[in-house]
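Chains, contacts and geometry: an overview
Chain by chain, the residues:
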Amino acid sequence: MSTAIYPGSFDPVTSGHLDVIERARQVFGKVIVSVAPNERKETLFTTDERVEMLREVCRGFSNVEVDSFSGLLVNYALTNKATVIVRGLRAVSDFELELQMAQMNRCLTPDINTVFLMTTTEHSFLSSSIVKEVARLGGSVTGMVPPVVETYLERKFKLEPKSKQRAAGGISG
Ligand code: PNS
């Protein structure tokens, strides 16, 4: 049974990430979705919040575990006896950085392979950053993130929950 790690910032998890998780869990025996405290940029959500959201979203998936890690990804993969790193690819623009990371990881640990899964075209424009920007400015991100994430975003940006807005006649549908 092969174990794959799907690492990322997941700040927050989007419908695009969820699509990759669903595909990965069909291909690998076990998938560990693991949150990295991002070294390169500040995050909106704490590591614990990002893990909580992912746990909620992956609740029904028997072969998916949610965790967090710090330090080198390849060391974390070795500790968890994972032989594969899964990454999602949306567009050509993702490729350069992904290639660099995959090659660095292979250089560090040749036995671990990076496997890329293509995100569905429906979600190919989605990123955590664009979702946060839209949510911060009060736009709807329904369908772009799992419902639990919408609630976390509303709370973070102190927006009225959709149910309240609807009751006040603010939104329809
Ligand atoms: O969702 P992101 O921000 O694109 O994920 C990037 C991530 C967390 C996968 C990457 O930054 C990572 O692997 N960080 C762990 C540190 C590490 O191992 N760096 C060297 C290899 S790239």
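Right above here is the structure, for reference.
Every chain is numbered independently, its residues counted from 1 as its sequence is written. Only residues with pLDDT of at least 70 are given local features in this predicted model, and only at 80 or more are side-chain atom pairs given and counted; all residues enter the totals for whole chains, interfaces and linings. Processing note: side-chain calculations cover all non-hydrogen atoms of the structure and skip hydrogens and water entirely.

Observations regarding the overall build of the protein
By the criteria applied, helices consist of DSSP H or I runs no shorter than four residues and strands consist of E runs no shorter than two, each listed in order from the N terminus. Regarding its fold elements, the protein presents 7 helices and 5 strands. In sequence order, the secondary structure elements of the protein are arranged as β-α-β-α-β-α-β-α-β-α-α-α. For the protein, whose C-alpha radius of gyration is 17 Å, the value lies close to the compact-globule estimate of 16 Å for 173 residues. Its C-alpha atoms give the protein principal-axis dimensions of about 60 × 35 × 30 Å. Per-residue accessibility, obtained with a 1.4 Å probe over protein chains only, is compared with the maximum for each type, and a residue is labelled buried under 20%, exposed over 50%, and partly exposed between these values. Within the protein, the proportion of its 173 residues that are buried is 43%. Per element, the accessible surface of the protein, about 9,800 Å² overall, is 52% carbon and sulfur. In the protein, 20 positive and 20 negative side-chain charges are present, and the distance between their average locations comes to 2 Å. The size measure is the radius of gyration over C-alpha atoms, and the globule rule it meets is 2.2 Å times the number of residues to the 0.38 power. All accessibility values rest on the Shrake-Rupley procedure with a 1.4 Å probe; residue burial counts only the protein chains present in the view. Here the positive residues are Lys and Arg and the negative ones are Asp and Glu; neither His nor the chain ends is included. In plain terms, the charge of a residue is placed at NZ if it is Lys, CZ if Arg, CG if Asp and CD if Glu.

Overview of the environment of Glu154
Structurally, the position occupied by Glu154 is in helix α6 (residues 147–156). Glu154 sits 19 residues away from Ala135 along the chain, and the two C-alpha atoms are 7.6 Å apart.

Let's talk about the packing of aromatic side chains
Two rings belonging to Phe, Tyr or Trp (six-membered ring only in the last case) form a pair when the distance between their centres is within 6.5 Å. Interplanar angles under 30 degrees mark stacking, angles over 60 mark edge-to-face geometry, and anything in between is tilted. Taken as a whole and assessed by the stated rule, the structure comprises 3 aromatic pairs. With a centroid separation of 5.2 Å and an interplanar angle of 85°, the aromatic rings of Tyr6 and Phe10 are classed as edge-to-face. With respect to class, Tyr6 is no different from Phe10; both count as buried. With centroids separated by 6.3 Å and ring planes inclined at 65°, the aromatic side chains of Phe45 and Tyr152 adopt a geometry described as edge-to-face. Of this pair, Phe45 sits in the loop between β2 (30–35) and α2 (47–57) while Tyr152 sits in helix α6, and the two are 107 residues apart along the sequence. The exposure class assigned to Tyr152 is buried, which follows from its relative accessible area of 13%. Sitting over the face of the ring of Tyr152, Arg155 holds its NZ or CZ atom 4.9 Å from the ring centroid. Ring-over charges, as used throughout, are those where CZ of Arg or NZ of Lys falls within 6 Å of the ring centre and within 35 degrees of the ring normal.

Quick word on α6
Those residues of α6 that sit buried are Val149, Glu150, Tyr152, Leu153 and Glu154. Downstream of α6 by a residue or two, Lys158 has a phi angle that is positive, lying close to 55°.

Comments concerning the packing of α2 against α6
Axes, fitted as lines to C-alpha atoms, cover a helix only where it is in contact. Angles between the N-to-C directions of the axes lie from 0 to 180 degrees. Look at α2 against α6: their axes get within 9 Å of each other, and the N-to-C directions meet at 150°. Taken together, the axes of α2 and α6 lie roughly antiparallel to each other. Counted together, Glu49, Glu52, Met53, Glu56 and Val57 of α2 and Val148, Val149, Tyr152 and Lys156 of α6 form the full contact between these two elements. In terms of residue class, the contact of α2 with α6 is made up of 5 nonpolar, no polar and 4 charged. We call two directions roughly parallel when the angle between them is under 35 degrees, roughly antiparallel when it is over 145, roughly perpendicular when it lies between 65 and 115, and oblique otherwise. Contact definition: two residues touch when any of their heavy atoms are within 4.5 Å. We call Asp, Glu, Lys and Arg charged. Ala, Val, Leu, Ile, Met, Phe, Trp, Tyr, Cys and Pro are nonpolar, and the rest, Gly among them, are polar.

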